[in-house]
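Working through the structure, step by step
Spelled out, the chains give:
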Amino acid sequence: MSTRRSSSLLDVAVVGGGMVGAAAALALARDDFHVALLEARDPAPWKPDAEVDLRVVGLAESSISLLQELGAWDTIRAARACAYRHMHVWDETTGSAIDFDAGDRGRKALGWIVENSLVQQELFQRLPGAGVMLRSPATVSAWHADAERSTLTLDDGSTLHARVVVAADGGASPLRAMAGIGTRGRNYNQRAVVAHVSHERPHQATAWQRFLRGGPLALLPLADGRSSIVWSLPEAEAERILSLSDADFLHELGAACDFRLGPMLATSRRAAFPLHMQLATSYQAARFVLLGDAAHTVHPLAGQGVNIGLRDVTELRDTLRQARVRGADIGAAHVLRRYARRRRSADELDALSFDALARIYAAQWPPVAAARALGVAALNAIAPLKNLLIAHASGR
């Protein structure tokens, strides 16, 4: 474990907490780097007797492994987490379907559905013991770098100096703009409607996903027996769905998922967030790297956004660790270039793959739909291909 040190020059300053930023700070501090984490606001507390957070994440094997290394996973799992062992995906237009089962790879689970706030809280609680200097609330007003260090100026006039600055401050990333890094992407002109619903039949520890004409609908199993929905819809349709009475919403939701879990019985409050794909044109500047949503945002249809961000964390930790072993400056351009090259390549492949999948399922032209059905049938029949797909999604 790291201990707190008095040097005025940090090894790493992570800006933007959240789950991915906190994981990065904790992972680096546990490797005995001198780390500060700057968070714009204190994280909302997670309470076991409160309603389940609307923001849930599907954690893959790679993310579970990282959380285990950070000493947080056992507590998270015991608090409120639900394993899903099976996934059923089907197409409204053609009826084609594909199934994935953890047993096919000798696993007990394909992944775990967990509240964002629970994971974030467990990571933040471990920061002091690892020696992380936490500044919250703190806002960066300026950044610049020279040959030896990056300097952050905060809105209270104070400064921090670090060998490396890590921007994990979200899709809008003010730090990315300060570094002059642009983005490219696609606006889907859709919103994802989220809620937690109870239903007549048990969810069977299964993640259900139906590709509808307006966008995919996912039902993710929760530990309390309900399902968390993520329903991607065109803007106007999302507004209409949000405006429905609970009874009308539950009826339309049941029809949309073909009543696979029987009638929908009750719902939590509903919310929605806009959907877009965004990729940073570079992950690196002088003594500066991007991490998580600051580097990439992807379509939620595969539920991989957080997992990709946590893979960024693992790659960055390993890169800086190896540089230190070699006696290299961890903020040197060639060191950070290795991280940036590897993660940008992997992240872009994932983002474009999810985008292509969304486009393929959105296509309703009969020849395209027929080809899609044939492809799904072939994939479902070839176990090695399915296993390769599951392995990629799990980060293995």
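Report follows, based on the coordinates.

What follows concerns the overall build of the protein. Regarding its fold elements, the protein presents 12 helices and 20 strands. Counting over 396 residues, the protein shows a buried share of 53%. Across the protein, every contact between residues at least 6 apart in sequence was considered, and the portion connecting residues at least 24 apart equals 74%. With an accessible surface of roughly 16,700 Å², the protein has 54% of that area assigned to carbon and sulfur atoms.

Among the secondary structure elements, alanine 192 is positioned in strand β12 (residues 183-199). Since its relative accessible area comes to 0%, alanine 192 is described here as buried. Alanine 192 sits 108 residues away from proline 300 along the chain, and the two C-alpha atoms are 8.4 Å apart. Apart from residues no more than four positions distant in its own chain, alanine 192 is found in contact with Val230, Trp231, Ser232, Ala271, Ala272, Phe273 and Leu275.

Another point: the environment of alanine 207. Structurally, alanine 207 can be placed in strand β13 (residues 206-212). You can call alanine 207 buried: its relative accessible area is 4%. Remark: the alpha-carbon pair of alanine 207 and serine 227, spanning 20 residues in sequence, is separated by 8.8 Å. With sequence-adjacent residues up to four places away left out, alanine 207 is seen in contact with Tyr84, His86, Met87, His88, Leu219, Leu220 and Pro221.

This next bit is on helix α1 (residues 18-30). Over its 13 residues, α1 runs 18 Å from end to end, which matches the ideal 18 Å to within 8%, given 1.5 Å per residue. Across the 13 residues that make up α1, a large majority, 11, are buried. Within α1, the full set of buried residues consists of Met19, Val20, Gly21, Ala22, Ala23, Ala24, Ala25, Leu26, Ala27, Leu28 and Ala29. The inward-facing, buried residues of α1 abut β1 (9-15), β2 (35-38), β3 (56-59), α4 (116-125), α5 (127-130) and α9 (305-325).

What follows deals with the nonpolar core. Among the nonpolar cores identified, the biggest contains 77 residues, and Leu123 and Phe288 are the most heavily contacted of them. Take this core: its biggest share by element is 10 residues, from α1. Those residues in contact with phenylalanine 288, other than ones at most four positions away along the chain, are Trp143, Val165, Ala167, Leu175, Arg176, Ala179, Ile181, Tyr283 and Leu336.

Before going further, it helps to spend a moment on the packing of helix α2 (residues 61-69) against α9. The axes of two packed helices give the description: the angle between them and the distance between them. Following both chains from N to C, one finds α2 and α9 inclined at 50°, their axes separated by 9 Å at the closest point. Regarding the angle of α2 to α9, the classification is oblique. Once α2 is placed against α9, the crossing between them reads as left-handed. Contacts between α2 and α9 involve Ser62, Ser63, Leu66 and Glu69 on the former and, on the latter, Asn307, Leu310, Arg311, Val313, Thr314 and Arg317. When its residues are assigned to classes, the contact of α2 with α9 shows three nonpolar, four polar and three charged.

Read from one edge to the other, the open sheet built from three strands follows the order β3-β7-β4, with strand pairing classed as antiparallel. The sheet is open, and its two edges are formed by β3 and β4 (81-84), each paired on a single side. Put simply, the sheet's adjacent strands are angled 25° from each other on average, direction ignored. Against the sheet, α4 touches β3 and β7 (111-115), its axis set at about 85° to β7.

Given 3.6 residues per turn, any residue in an α-helix points the same way as the ones three and four places further on. Here α9 contains 21 residues, and its C-alpha end-to-end distance of 31 Å stays within 8% of the 30 Å for a straight helix at 1.5 Å per residue. Once α9 finishes, glycine 327 follows within two positions and takes phi at roughly 80°, a positive value.

Our focus in this paragraph is the pattern of salt bridges. All told, the structure shown has 23 salt bridges when counted by the stated rule. With its nearest N and O atoms 2.7 Å apart, the salt bridge here joins aspartate 246 to arginine 270. Remark: arginine 270 occurs in the loop between β16 (264-267) and β17 (271-280) and aspartate 246 occurs in helix α8 (residues 246-256); sequence separation between them is 24 residues. Arginine 343 is the salt-bridge partner of aspartate 312, the closest N and O atoms lying 2.7 Å from each other.

The subject of this paragraph is unusual backbone geometry. Residues serine 136 and proline 137 are joined by a peptide bond in cis, for which omega reads 0°. A positive phi angle, near 55°, is found at asparagine 189, a position not held by glycine. Its place among the elements puts asparagine 189 in strand β12.

Note: β12 against β17, 10 bridges, orientation antiparallel. Each bridged residue has a counterpart across the sheet, and for asparagine 187 the counterpart in β17 is histidine 276. Examined bridge by bridge, β12 and strand β15 (residues 227-234) share eight bridges and lie antiparallel to one another. Residue pairing in the sheet places glutamine 190 in a bridge with proline 234 of β15. Judged from the three bridges that link them, β12 and β16 form a sheet pairing that is antiparallel. For valine 197, the partnering residue across the bridge sits in β16 and is threonine 267.

Cut-offs used in this document
- Residues numbered from 1 in each chain as written.
- Predicted model: local features only at pLDDT ≥ 70, side-chain atom pairs only at ≥ 80, totals over all residues.
- Heavy atoms only, no water.
- Helix = DSSP H or I, 4+ residues; strand = E, 2+ residues; numbered from the N terminus.
- Buried < 20%, exposed > 50% of the residue type's maximum accessible area, 1.4 Å probe, protein only.
- Contact = heavy atoms within 4.5 Å.
- Areas by Shrake-Rupley, 256 points an atom, 1.4 Å probe, with all protein chains shown as cover.
- Expected span 1.5 Å × (residues − 1).
- Core = buried A, V, L, I, M, F, W, Y, C linked by side-chain atoms within 4.5 Å.
- Axes fitted to C-alpha atoms, helices over the stretch in contact; angles between N-to-C directions.
- Parallel < 35°, antiparallel > 145°, perpendicular 65-115°, else oblique.
- Left-handed = near helix turned anticlockwise from the far one by under 90°.
- Nonpolar A, V, L, I, M, F, W, Y, C, P; charged D, E, K, R; others polar.
- Pairing = 2+ DSSP bridges.
- Salt bridge = Lys/Arg side-chain N within 4 Å of Asp/Glu carboxyl O.

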